[in-house]
Structure formats: C-alpha cells, structure tokens
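For reference, the chains in residue letters:
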Amino acid sequence: MNSSQAAPAAATPESVFEEVGGMLRAVLGEYGDVVDAGITMDTRFHDDLDLESIDLVTLGGHLQARYGEAVNFAEYLAGLGLEEIIGLTVGQLVEHITGRLRAPGER
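Residues numbered from 1 in each chain as written. Predicted model: local features only at pLDDT ≥ 70, side-chain atom pairs only at ≥ 80, totals over all residues. Heavy atoms only, no water.

1. Details of the overall build of the protein chain
Logical step 1: Across its full length, the protein chain holds 6 helices and 0 strands.
Logical step 2: Order of helices (α) and strands (β) in the protein chain, N terminus to C terminus: α-α-α-α-α-α.
Logical step 3: Counting the 107 residues in the protein chain, one finds 36% classified as buried.
Logical step 4: Restricting to contacts in the protein chain with at least 6 residues of sequence separation, those with at least 24 account for 68%.
Logical step 5: Split by element, the accessible area of the protein chain, about 6,100 Å² in all, is 51% carbon and sulfur. (Helix = DSSP H or I, 4+ residues; strand = E, 2+ residues; numbered from the N terminus. Buried < 20%, exposed > 50% of the residue type's maximum accessible area, 1.4 Å probe, protein only. Contact = heavy atoms within 4.5 Å. Areas by Shrake-Rupley, 256 points an atom, 1.4 Å probe, with all protein chains shown as cover.)

Here it is, written out as structure tokens:
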C-alpha cells in the first residue's frame, strides 16, 4: 500500500461511497450535468454516467492512489463478464473495495 495514503481505519460502505463519489466527480468534472444529477449506490457506470474506457482507467488510477494494491480495479474488472461490466454500479464497486480492505479475519 502507498505509505503516503493509508486506507481508512474503518472502511465503512458510507465512507468508501463518499470517497468513490468524489473520485467520480473528479473524473467527470467536465461533464457537470451528469455529476449534478447525483451519484447513488445504484448509479451505473455505463448507463447513468456514460463512462468511457479512458474514464475507467482514470478511476482505477484514483483508486490505486487512495487504496493501494489492495484494491486493483483492473483486476476486478477482468474478473467480470461483459454484461456485468456494463451493468456495474457504484454500490458494487463500494462492496468490492470494503471487502478488499477488511482485515483477513473479517473477510
């Protein structure tokens, strides 16, 4: 893990959702109308946010910078089928992140 930014001590779904929401706002900054509509746990990356491949790469960079190797977004996406990637929601990503950040005994 990147020593300059440690994972939160208590990576709750709520705190991770807030952080992911901030990352998405940064990625989609130039598309203000999409962000202004609001991001929820049910927001879909493809259908609701119209994220392109490059946006997913950028998001992955933000996730890596924040959470380190514990949360490998590219690896997570590689484990999904095409339909799962197309239907991926913010909530599913939040669940993945919180699951990866739990202590080994909590998983």
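2. Describing the nonpolar core
Logical step 1: Ranked by internal contacts, the top residues of the largest apolar core, which has 26 residues, are L24, F45, L59, L63, L93 and I97.
Logical step 2: Elements that contribute at least two residues to this core include exactly helix 1 (13–27), helix 3 (53–67), helix 4 (73–78) and helix 6 (90–101).
Logical step 3: For this core, the leading source of residues is helix 1, giving 6 residues.
Logical step 4: In contact with L59, not counting residues within four places along its chain, are M23, L24, V27, F45, F73 and L93. (Core = buried A, V, L, I, M, F, W, Y, C linked by side-chain atoms within 4.5 Å.)

3. Topic: the side chain of T98
Logical step 1: Turning to its location among the elements, T98 is positioned in helix 6.
Logical step 2: With relative accessibility at 5%, the residue T98 sits in the buried group.

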